[in-house]
Amino acid sequence: MHDITLVNMNLLYIVYADRVDRELHVPLGLLYLVSVLEEHGYRVDLRDYQLATGENPFDIEHTLAFLEDSAPIVGFSCMANLLPYTLLVAQALKARYPEKTVILGGTGPTAVERGILQKFDAVDIIVRGEGERTIVDLMDALTAGRDLHSVAGISWRSNGHPIENRPRPRITDLDALPWPAYHRLDMAAYQGYGVVTSRGCPYRCTFCSVAPIWEHQAVLRSVQSVVAEMRHLFETYGVTMFLLQDEYFVSDKGRMLDFCSALKSAGLPVHWKCFTRINLVDEEMLRAMADAGCVHVRYGVESGSDAVLRQVAKGFTARRAGEVIALSAQIFPEVDAFFIWGFPFETMTDFYKSVFQMVLFRNWGVRVLPCLLSFLPQTAIYRDYLAGKYGGQLYFCPDLTPEYVVTGHETSSAGHIAISTEQRPLFDFIAAHPDLFPGFLQWEPETNVRPKLKVLCDLGFYSNSSL
Ligand code: B12
């Protein structure tokens, strides 16, 4: 019998009229937890819902069947997009097995812990942020039947009242952590192999949920430990393409040049893609990255308007973004430029400045990825909205959803979504809890979202086969 069942509910699953986009990504967050729990003698049952086949993964009975014979303690990992579904699953699981202890973790429940604990008895404990130290302390307390007041980093319920225990200090020596428990997975079953080289980001972009989740504090792994892990994945599992997806990967020039030369001297025949930042790169760095096997760089450009870039505290200008994207398009086979549109303070003039850049970049062969703003609960922009800074209202629109919270329940096409009768209950659930799921809502859709969406559709940035 296992002591705990850990369930990955982080999926990349997007339904279009003519196909379903699925990509299986190694669930790193949970694999780190498996390693530390096994190190402390716990028997862990790891279940990755990405592997749950079947026509419709979002059928509660199907998910409950996937969770059959799970351990007395069940921990779910989810992001904001599947938080609603995960809560419905937790409710159904608890209704069938009331004796189980249900734990939530990951980016999804962050900043809405109290609301979840007030509304859903099915959830007993929420682990906030970094989980390695907290999950071990929590398991020690739960298996010993001890009171939970002393476990830092959790929110839970005592005598029916939500309790927020003191925060857990961040892990400052990531090299000391055991590597993710890759041995627990059939690694050949996956398409995306991420390696995390750092945690957190010091920047304060107002629309971003990552930086607040990691308290705007970045902790970096040593270049040696990252390259050693890449060697292990290459030699043991034949991984040849790595996703270095942490936001602060290009933290500084010195570290990046060290990483590139360490990877070159390792002589691994591998390639990699990564997130970068306009104001943190220069030509020498970009050429060193390409020379060390980087074939795909991804930038958060966000807007072509300096007024908007200032408002969201991005820290660079549209002109500089143009220069860096132009240079990158000459150096790398693939370049992505993420844009965000639909900010409450984004005038149509600001918006057209973004559209101008999008068209320009697309002509340079850059992949332009426009994202409708998502008011994720952790973000400064959502707090500003709640404080009345922008006026206006957030609305649930059954035909619109930000890319960031596409759930896979809906059918996406040309920037719109269609909800089947079968999937309606999930969206009724979302609309019924705007305080828990603000990321799904639109600010003034008729005047802010729809006019801009029409322009983006007319210019082909949204089509029937794209989100
Ligand atoms: C890799 C990644 C993916 C991968 C896989 C994720 C996975 N974990 O399996 C894939 C490609 C599937 C993915 C998809 C999406 N992603 Co993504 N992804 C990331 C990324 C870049 C790294 C995640 C990671 O590995 N972190 C490192 C590990 C160590 O941290 P962790 O996973 O958070 O886990 C730690 C803690 O959270 C905690 N923990 C986590 N789970 C649990 C569970 C329990 C029980 C406990 C106790 C603790 C615990 O302990 C872990 C160890 O400390 C993050 C950005 C980031 N830096 O976090 C974005 C991020 C998580 N993704 C995000 C989003 C929105 C998405 C999408 C939903 C939308 C989109 N268009 O991108 C899509 C899915 C779309 C769809 N419908 O299909 C957002 C989530 C926002 C939010 N507030 O929830 C992030 C934060 C990016 C961002 N800039 O906002 N993503």
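Residues numbered from 1 in each chain as written. Predicted model: local features only at pLDDT ≥ 70, side-chain atom pairs only at ≥ 80, totals over all residues. Heavy atoms only, no water.

Colleague: Can you walk me through the packing of aromatic side chains in this structure?
Modeller: Given two aromatic rings, one states the distance between the centres and the angle between the planes to describe the pair. Across all of its chains, the model carries 22 aromatic pairs by this definition. Taken together, the aromatic side chains of F120, F429, F437 and F440 make up a single cluster linked through ring pairs. When the ring centre of Y32 is taken as origin, the NZ or CZ atom of R199, which lies over that ring, is 4.9 Å away. Its guanidinium or amino end placed over the ring of F461, R362 lies 4.0 Å from that ring's centre, counting from NZ or CZ. (Phe/Tyr/Trp six-rings, centres within 6.5 Å; stacked < 30°, edge-to-face > 60°. Lys NZ or Arg CZ within 6 Å of the ring centre and 35° of its normal.)

Colleague: Help me out: how do you make sense of the pattern of salt bridges in this one?
Modeller: One side chain can pair with another of opposite charge once the charged atoms of both are near each other. In the structure shown here, the tally under the stated rule is 29 salt bridges. Measuring nitrogen to oxygen at the nearest pair gives 3.5 Å for the salt bridge that ties R19 to D18. Judged by its relative accessible area of 58%, D18 is exposed. D435 is paired through a salt bridge with K119; the nearest N and O atoms lie 3.0 Å apart. Highlighted residues: D435 in the loop between helix 14 (424-432) and strand 20 (442-443) and K119 in helix 4 (residues 113-119), separated in sequence by 316 residues. Salt bridges sharing partners connect three or more residues here, namely E130, E132, R170 and R199. (Salt bridge = Lys/Arg side-chain N within 4 Å of Asp/Glu carboxyl O. Buried < 20%, exposed > 50% of the residue type's maximum accessible area, 1.4 Å probe, protein only. Helix = DSSP H or I, 4+ residues; strand = E, 2+ residues; numbered from the N terminus.)

Colleague: Is there a simple way to think about helix 11 (residues 318-331) in this case?
Modeller: For an α-helix, the turn length of 3.6 residues means that residues three or four places apart are oriented alike. For helix 11, which comprises 14 residues, the first-to-last C-alpha distance of 20 Å matches the rise-based estimate of 20 Å (1.5 Å per residue) to within 8%. For helix 11, every residue scored as buried is listed here: A318, A321, G322, V324, I325, L327, S328 and I331. (Expected span 1.5 Å × (residues − 1).)

Colleague: Explanation requested: the site of the ligand in the structure shown.
Modeller: Around the ligand sit 40 residues, and of these Y13, S77, E132, E247 and V406 come closest. One nitrogen or oxygen atom from the main chain of Y13 is found 2.6 Å from an oxygen atom belonging to the ligand. Broken down by element, the shell around the ligand gets its largest block of residues, five residues, from helix 1 (residues 28-39). Tallied by class, the residues present in the shell around the ligand amount to 19 nonpolar, 16 polar and five charged. For the shell around the ligand, the two domains that each supply at least three residues are domain 1 (4-164) and domain 2 (193-383). (Near = heavy atom within 4 Å. Polar contact = N/O pair within 3.5 Å; in protein donor to acceptor, adjacent residues only side chain to side chain. Nonpolar A, V, L, I, M, F, W, Y, C, P; charged D, E, K, R; others polar. Domains from an automatic or database assignment.)

Colleague: Help me understand the pairing of strand 5 (residues 73-77), please; the structure alone is not making it clear to me.
Modeller: Successive residues of a regular strand alternate their side chains across the two faces of the sheet. Burial of strand 5 is extensive: five of the five residues sit out of reach of the surface. Burial along strand 5 is two-sided: the residues I73, G75 and S77 and V74 and F76 are all buried. Here strand 1 (residues 4-8) pairs with strand 5 via four bridges, running parallel. Considered in strand 5, the bridge of N8 is made with S77. The pairing of strand 5 with strand 6 (residues 101-105) spans five bridges and is parallel. Bridge pairing links G75 to I103 in strand 6. (Pairing = 2+ DSSP bridges.)

These figures capture arrangement, not role.
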